[in-house]
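Each chain, letter by letter, is given below.
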Amino acid sequence: MTDYVPPLRDIRFALANAADLPGLLALPAFAHLDAGAVDDALAEAARFMAEVIAPTNRVGDQVGSQRQPDGTVVTPPGFIDAYRRYVEAGWGAAPFDPEHGGGGLPWAVAVAIQEMLTAANMAFSLCPMLTHGAVHMLETHGSEEQRATWLPKLVTGEWTGTMCLTEPQAGSDVGALTTRAVPQPDGTYRITGQKIFITWGEHDLTENTVHLVLARTPSAAPGTRGISSFVVPTRLVGRDGAPGERNGVVCASIEHKLGIHASPTCTLVFDDAVGELVGGEHEGMRAMFTMMNNARLSVALEGLAIADRAYQQALAFARERQQGRAPDAAPGTASPIIEHPDVRRMLLTMRSHVAAVRAICYATARCTDQARHHPDPDTRARAQERADLLTPVAKAWGTDVGIEVASIGIQVHGGMGYVEETGAAQHLRDARIAAIYEGTNGIQAIDLVTRKLPMRDGAAIADLLADVYRGVVELERAAHPQLAHALRRAHDEVAAATQWLRKQTDAADVLAGATPYLRALAITVGGACAARSLLAADALDDAEHATQIRADSSFFLTQVVPQVLGLVPAVTAGAAALEGVDPTPVPA
Ligand SMILES: Cc1cc2nc3c(=O)[nH]c(=O)nc-3n(C[C@H](O)[C@H](O)[C@H](O)COP(=O)(O)OP(=O)(O)OC[C@H]3O[C@@H](n4cnc5c(N)ncnc54)[C@H](O)[C@@H]3O)c2cc1C
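Read on for a plain summary of the structure. Since we're looking at a predicted model, the values are computed, not measured.

Rules used throughout
- Residues numbered from 1 in each chain as written.
- Predicted model: local features only at pLDDT ≥ 70, side-chain atom pairs only at ≥ 80, totals over all residues.
- Heavy atoms only, no water.
- Helix = DSSP H or I, 4+ residues; strand = E, 2+ residues; numbered from the N terminus.
- Rg over C-alpha atoms; globule rule 2.2 N^0.38 Å.
- Contact = heavy atoms within 4.5 Å.
- Areas by Shrake-Rupley, 256 points an atom, 1.4 Å probe, with all protein chains shown as cover.
- Phe/Tyr/Trp six-rings, centres within 6.5 Å; stacked < 30°, edge-to-face > 60°.
- Buried < 20%, exposed > 50% of the residue type's maximum accessible area, 1.4 Å probe, protein only.
- Near = heavy atom within 4 Å.
- Polar contact = N/O pair within 3.5 Å; in protein donor to acceptor, adjacent residues only side chain to side chain.
- Nonpolar A, V, L, I, M, F, W, Y, C, P; charged D, E, K, R; others polar.
- Patch = residues over 30% accessible without salt bridge, like charges linked within 9 Å, V, L, I, M, F, W, Y side chains within 5 Å.
- Salt bridge = Lys/Arg side-chain N within 4 Å of Asp/Glu carboxyl O.
- Core = buried A, V, L, I, M, F, W, Y, C linked by side-chain atoms within 4.5 Å.
- Axes fitted to C-alpha atoms, helices over the stretch in contact; angles between N-to-C directions.
- Parallel < 35°, antiparallel > 145°, perpendicular 65-115°, else oblique.
- Left-handed = near helix turned anticlockwise from the far one by under 90°.

### Examining the overall build of the protein
Next up, step 1: Secondary structure assignment for the protein yields 20 helices and eleven strands.
Next up, step 2: Since a compact globule built from 588 residues should have a radius of gyration of about 25 Å, the 24 Å found for the protein is in line with a globular shape.
Next up, step 3: Over its C-alpha atoms, taken along the principal directions, the protein stretches across nearly 80 × 65 × 55 Å.
Next up, step 4: Put simply, 74% of the contacts in the protein that link residues at least 6 apart link residues at least 24 apart.
Next up, step 5: Surface exposure of the protein reaches about 23700 Å², of which carbon and sulfur atoms provide 54%.

In structure tokens form, the structure reads like this:
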């Protein structure tokens, strides 16, 4: 596996353009920051992730986390030290409120740091990622006392957080969960049930783990409406704030997985464990959604991060490996494979997708910052709406791209990609899960068409498409008629598909078109991002970087965006087109 070189130049460009960092830093909430300080933080994060975290990636894959007979979990060599240094350097605290010990950085900048952490070691990054989600959930829904008890240690990363939703019978259908929470006279609850697939549910990096658990109280209605959320620490915390005796939660097993071997995926058994209610009874899904929305963007970043790392590795290999003679090479010579047009196609496909996904992820983070911190309530509301609309798009498309790009990375390596020594295969194995957890990509597409398209009676999606169209106009004005034409056709097709979906009265027809619609919308929005990047490249002093951005943008607009035309017929085909699968189980 090649070393990880954080793509700081591209990250800075995306922060300046897609995330409008100067605009964010002008918000009163970030008055304590200046551009220089943010830039220094990015440079230091890049150094840290490359030098401290990235070297743990390979050993993490090879050794994995191991459960011991007593139920404890031992992480791979080097993880404890790397995590200690991560906490000491303050990276976990970077985006949080200084009131709780955080660094007060915009979420967009935290996302850039998270991208680098994830590319350095995705399995490792999941632990801080879930902790971030727990912090957000408690900041938003926790009582004052809960915030005082849990946040200081979670913000710094001295303790870590988990998200405990899934049970054997309750996967995508979270409402089917049965874990029970029985109220006690002292105001606490006793939690009993089994949670499966809990990421970093047990480990040796910290002295305590804070589980956020969904469960049902005795009076709960069936389905998601009856769910409440609870804080359940692995070790009970005394009045002095120190972790004491072990709570009633044990790790019964950890899963053997395709990838992210270093991330312990645990079956946790809660047996009369002491928990505290977060928010009101039966308000658990609202609280958990705070955590999940956050986590969905972070999972989108996993696709981005792995795709970028796979690209870096494929590029290095293609420059070294010599095979055949490229069209312009001298007779009798062997060419580096990067000189073959088909290999260049693979590399540009990889890099241009990385740029488009990064732009969508960072733009979503910008909306989250504006929704939290903009002084104007209307701007906050619109920004939240845009973040809500883009989140399933970023999650599903970003993670699909992660898998596809990692797979192309293997293809660039030829047979050496399929064997484990090069590390190219690890990227694909690691990337694969991101399309499954945090709501499968199918569920993201359903969320998009059933909940997000109807927002503000269709005005939210119309605003997004109007922004895409502004990209068409800007390309035309800048004398790029071919690129403008490609983006206009995609825009028109997606706008028509949106209208079609909005008009359907049979839910099955809408659900049948959800996945191709999400992809078509994502590619179109990615095309608008590529258009903006192409035009912004003119202002760069770095001529080589400007050339790279123009190449990526032109490639994406002319060779990827036209795929939208092929996707839309599947959106509007309706459910009848999918009747070819017989749902009747074969009799025994
Ligand atoms: C490595 C790993 C880590 C995880 N970490 C956590 C964690 O930290 N915390 C946690 O709570 N969970 C975690 N999970 C669980 C994860 O979130 C679930 O696996 C995921 O939500 C899917 O649920 P499922 O596996 O039961 O699949 P199912 O729900 O059985 O889905 C199977 C297939 O059916 C489709 N499907 C299901 N329902 C519908 C529907 N209504 N409409 C259309 N299609 C549908 C899905 O899209 C999928 O393709 C983790 C899982 C893994 C593998």
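### Some points on the packing of aromatic side chains
Each pair of aromatic rings is reported with the distance of its centres and the angle of its planes.
Next up, step 1: Counted by the stated rule, this structure contains eight aromatic pairs.
Next up, step 2: Ring centres of tryptophan 397 and phenylalanine 556 lie 6.2 Å apart, and the angle between their planes is 75°; this geometry places the pair in the edge-to-face category. Placement of the pair is tryptophan 397 in helix 11 (residues 377-413) and phenylalanine 556 in helix 19 (residues 543-560), with a sequence separation of 159 residues.
Next up, step 3: Since its relative accessible area comes to 2%, tryptophan 397 is described here as buried.
Next up, step 4: The exposure class assigned to phenylalanine 556 is buried, which follows from its relative accessible area of 1%.
Next up, step 5: Put simply, the rings of Phe79, Tyr83, Tyr86 and Phe124 pair up and form one aromatic cluster.

### Notes on the site of the ligand
Next up, step 1: The environment of the ligand is made up of 18 residues, and the closest members are Met163, Thr166, Ser172, Phe197 and Thr440.
Next up, step 2: Interatomic distance of 2.7 Å between a backbone N/O atom of phenylalanine 197 and a nitrogen atom of the ligand.
Next up, step 3: Burial of the ligand by the protein amounts to 61% of the accessible area it has alone, namely 970 Å².
Next up, step 4: Listed by contribution, the elements that provide at least two residues to the shell around the ligand are strand 3 (160-164), strand 5 (189-199) and helix 14 (441-452).
Next up, step 5: Of the residues forming the shell around the ligand, the biggest block, three residues, is contributed by strand 5.
Next up, step 6: Residue composition of the shell around the ligand, grouped by class: ten nonpolar, six polar and two charged.

### Examining the side chain of glutamate 167
Next up, step 1: Inspection of the secondary structure assignment puts glutamate 167 in the loop between strand 3 and strand 4 (180-183).
Next up, step 2: Glutamate 167 gets classed as buried once you look at its relative accessible area, which sits at 2%.
Next up, step 3: At 2.8 Å, the side chain of glutamate 167 and the backbone nitrogen of threonine 178 are in polar contact.
Next up, step 4: Within polar-contact distance, the side chain of glutamate 167 engages the side chain of threonine 179 at 2.6 Å.
Next up, step 5: Leave out the neighbours within four places in its chain, and glutamate 167 touches Leu177, Thr178, Thr179, Gln194, Lys195, Ile196 and Leu214.

### A look at a nonpolar patch on the surface
Next up, step 1: A cluster of nonpolar residues, Ile443, Ile446 and Leu511, forms a patch on the protein surface that exposes about 210 Å² of accessible area.
Next up, step 2: Mapped onto the secondary structure, leucine 511 falls in helix 17 (residues 507-512).
Next up, step 3: For leucine 511, a relative accessible area of 39% translates into the label partly exposed.

### Some words on helix 13 (residues 424-431)
Next up, step 1: With respect to burial, helix 13 is a largely interior element, seven of its eight residues being buried.
Next up, step 2: Looking at the buried residues of helix 13, the elements they touch are helix 4 (57-63), helix 7 (122-141), helix 9 (284-320), helix 11 and helix 12 (415-418).

### Regarding the nonpolar core
Next up, step 1: Core analysis: the biggest nonpolar cluster contains 166 residues, and Met49, Leu347, Tyr362, Trp397, Tyr517 and Leu521 have the highest contact counts within it.
Next up, step 2: Looking at this core, the element that brings in the most residues is helix 9, giving 20 residues.

### Concerning the pattern of salt bridges
Next up, step 1: Scanning the entire structure with this criterion turns up 28 salt bridges.
Next up, step 2: In this structure, arginine 351 and aspartate 552 form a salt bridge, with 2.7 Å as the shortest nitrogen-oxygen distance. Here the residue arginine 351 occupies a position in helix 10 (residues 341-373), and aspartate 552 occupies one in helix 19, the gap between them amounting to 201 residues.

### Let's talk about the environment of threonine 72
Next up, step 1: Note on placement: threonine 72 falls in the loop between strand 1 (66-67) and strand 2 (73-74).
Next up, step 2: Once the C-alpha coordinates of threonine 72 and serine 253 are considered, the two residues, 181 residues apart in sequence, prove to be 9.7 Å apart.
Next up, step 3: A polar atom in the side chain of threonine 72 sits 2.6 Å from the side chain of aspartate 70.

### Observations regarding the packing of helix 6 (residues 107-120) against helix 7
Next up, step 1: At a closest axis distance of 7 Å, the pairing of helix 6 and helix 7 adopts a crossing angle of 150°. When the axis of helix 6 is compared with that of helix 7, the two are roughly antiparallel. Read as a crossing pair, helix 6 and helix 7 show a hand that is left-handed. The residues of helix 7 that touch helix 6, namely those facing Trp107, Gln114, Leu117, Thr118 and Ala120, are Met122, Phe124, Ser125, Pro128, Met129, His132 and His136.
Next up, step 2: Broken down by class, the residue content of the contact of helix 6 with helix 7 amounts to seven nonpolar, five polar and no charged.

### Overview of the packing of helix 3 (residues 35-53) against helix 6
Geometry of a packed helix pair, given as the angle between the helix axes and the separation of the axes.
Next up, step 1: Two elements in contact, helix 3 and helix 6, have axes separated by 9 Å at closest approach and are oriented at 15°. Compared by their axis directions, helix 3 and helix 6 come out roughly parallel. You can see that helix 3 and helix 6 cross each other, and the crossing is right-handed. Contact residues: helix 3 offers Val38, Leu42, Ala45, Ala46, Met49 and Ile53, while helix 6 offers Val109, Ala112, Ile113, Met116, Leu117 and Ala120.
Next up, step 2: Grouping the amino acids of the contact of helix 3 with helix 6 by side-chain chemistry returns twelve nonpolar, no polar and no charged.

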